[in-house]
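Each chain, letter by letter, is given below.
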Amino acid sequence: MKKYSYVTRYEKNPILTKEDIPYQVETVHNAGVTKYNGKYIMIFRSHLRTGRSIIGLAESKNGFDFDVSEDPFMIPSQQPFFKDYEEYGVEDPRISQIGDEYYITYSAYSKFGVRIGLAKTQDFQSVERIAFITQSDYRNTVIFPEIINNEYIKLDRPHSDISPWSIWISYSPDLIHWGKSKVIMKPVIYHWDEMKIGAGAPPIKTKKGWLNIYHGVFPTMDGSIYRLGVALHDLKDPSKLLGISDEWILQPEDPWEVTGYVHNVVFSCGAVPEPNGEVKIYWGGADTVMCVGTAKIDALVNLCLSKSRDPY
Ligand code: BMA
């Protein structure tokens, strides 16, 4: 039978489970991944038995076999101010390299809601908090890995009852002060991502546009299904959507994606483009384990352009 798959799963998935972690955790999922010094660095979320999350670090020579660091990489901050907004945990990190700096966006949970923290590192040994770059209730924030028209650009996903879980764009001169925000993409009824959408990996530059690997949620009588899809943003004006694939590229199918801490979830925070035209896509399976697969960047771009739905 012909296989209609855009993403080829790595045959040895899952690539990281809680058994691989040298400290006590219950899950390993939703990791940001980047290349640093010729290696792949993964920073992943883990639930503790308190139900709160921390972020660990692993590294790899080939992007498939990862060694985990002895200690967590980010735990809720004890610094004044940051402390107030991270008390309930740090989640779902994404990494964007701009020049020599690696910027990390993460969800910070506290009794005041969930907002997005921005931190930076140059060596993945120490990490410095910069600012919170949203109020609450925001998640799924990615920063474009390039300054465009003299501005930093981010996508994020505020929630409101009138316009639930849509993707917005904002601009900043310094990564701290953000403005000119506008909505660019919404979940649309009777499509695979009709309930919620959110940017996944930081956008990847291609010849035809910025490729945004995002997640879409579909409600069923058996709960929600988290899948991955793709959208293409204009290179010079990323607020302009050139195409949004009306088909998902990955859905929960392997046993560790279908069953786990939260069943029926594939959720990506990181993808690494390779010189051979492929992209390694990393995703959390059922909020429990880490998985990886490869896709052809051209095929994903063509999918956005050839089977497109309207942005809202
Ligand atoms: C979202 C976030 C993600 C998680 C997903 C599925 O709301 O909490 O971190 O992977 O739900 O549970």
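As the structure is a prediction and not an experimental result, all values here were calculated from the model. (Residues numbered from 1 in each chain as written. Predicted model: local features only at pLDDT ≥ 70, side-chain atom pairs only at ≥ 80, totals over all residues. Heavy atoms only, no water.)

### What about the site of the ligand?
Thinking step 1. Taken together, the residues surrounding the ligand are Asn 30, Arg 45, Asp 92, Arg 139, Tyr 226, Val 262, Val 265, Phe 267 and Asp 287.
Thinking step 2. Separating an oxygen atom of the ligand from a side-chain N or O atom of Asp 92 is a distance of 2.6 Å.
Thinking step 3. Within the side chain of Arg 139, one N or O atom sits 3.4 Å away from an oxygen atom of the ligand.
Thinking step 4. Burial of the ligand by the surrounding chains reaches 83%, relative to a free accessible area of 310 Å².
Thinking step 5. The residue inventory of the shell around the ligand, partitioned by class, reads four nonpolar, one polar and four charged. (Near = heavy atom within 4 Å. Polar contact = N/O pair within 3.5 Å; in protein donor to acceptor, adjacent residues only side chain to side chain. Areas by Shrake-Rupley, 256 points an atom, 1.4 Å probe, with all protein chains shown as cover. Nonpolar A, V, L, I, M, F, W, Y, C, P; charged D, E, K, R; others polar.)

### What to know about the side chain of Ser 110
Thinking step 1. Mapping Ser 110 onto the fold places it in strand β7 (residues 101-110).
Thinking step 2. Taking relative accessible area as the criterion, Ser 110 reaches 5% and is therefore assigned buried.
Thinking step 3. Once residues lying within four places of it in the same chain are set aside, the contact partners of Ser 110 are Asp 84, Tyr 85, Glu 86, Glu 87 and Tyr 88. (Helix = DSSP H or I, 4+ residues; strand = E, 2+ residues; numbered from the N terminus. Buried < 20%, exposed > 50% of the residue type's maximum accessible area, 1.4 Å probe, protein only. Contact = heavy atoms within 4.5 Å.)

### Some details on helix α3 (residues 297-306)
Spacing of three or four residues puts side chains on the same side of an α-helix, whose turn is 3.6 residues.
Thinking step 1. Those residues of α3 lying buried are Ile 297, Leu 300, Val 301, Leu 303 and Cys 304. Projected onto a plane normal to the axis of α3, the buried residues spread over an arc of 155 degrees and lie on a single side. Exposed side of α3, more than 90 degrees from the buried face: Asp 298 and Ser 306 are the residues found there. (Arc of directions from axis to C-beta.)

### Things to note about the nonpolar core
A general trend in soluble globular proteins is that nonpolar side chains are found buried together.
Thinking step 1. Leu 211, Ile 249 and Ile 281 are the most contacted members of the largest nonpolar core, which has 23 residues in total.
Thinking step 2. Looking at this core, the elements with two or more residues in it are β16 (209-220), β17 (223-233), β19 (266-273), β20 (278-285), β21 (289-296) and α3.
Thinking step 3. Broken down by element, this core gets its largest block of residues, five residues, from α3.
Thinking step 4. Ile 281 has contacts with Val 7, Ile 213, Leu 228, Ile 249, Ser 268, Gly 270, Ala 271, Cys 291, Val 292, Gly 293, Ala 295 and Leu 300, leaving out every residue within four places of it along the chain.
Thinking step 5. Counting residues in each nonpolar core, the second largest holds 21 residues, with Tyr 10, Leu 16, Ala 31 and Val 33 among its members. (Core = buried A, V, L, I, M, F, W, Y, C linked by side-chain atoms within 4.5 Å.)

### Re the pattern of salt bridges
Thinking step 1. One pass over the structure, following the stated rule, counts 21 salt bridges.
Thinking step 2. Close ionic contact of Arg 45 with Glu 91 constitutes a salt bridge, the shortest N to O distance being 3.2 Å. In this pair, Arg 45 is assigned in strand β3 (residues 39-47) and Glu 91 in strand β6 (residues 89-98), connecting sequence segments 46 residues apart.
Thinking step 3. Given a relative accessible area of 8%, Arg 45 falls into the buried group.
Thinking step 4. The class of Glu 91 is buried, set by a relative accessible area of 8%.
Thinking step 5. Asp 92 is the salt-bridge partner of Arg 45, the closest N and O atoms lying 2.9 Å from each other. Here the residue Arg 45 occupies a position in strand β3, and Asp 92 occupies one in strand β6, the gap between them amounting to 47 residues.
Thinking step 6. When salt bridges that share partners are traced, they join Arg 9, Glu 253, Asp 254 and Glu 257 into one network. (Salt bridge = Lys/Arg side-chain N within 4 Å of Asp/Glu carboxyl O.)

### Describing the environment of Val 25
Thinking step 1. Within the fold, Val 25 resides in the loop between β1 (8-9) and β2 (29-36).
Thinking step 2. Taking relative accessible area as the criterion, Val 25 reaches 5% and is therefore assigned buried.
Thinking step 3. With 170 residues separating them along the chain, Val 25 and Met 195 place their C-alpha atoms 30 Å apart.
Thinking step 4. With near-sequence residues (within four places) excluded, Val 25 lies in contact with Lys 18, Ser 46, His 47 and Leu 48.

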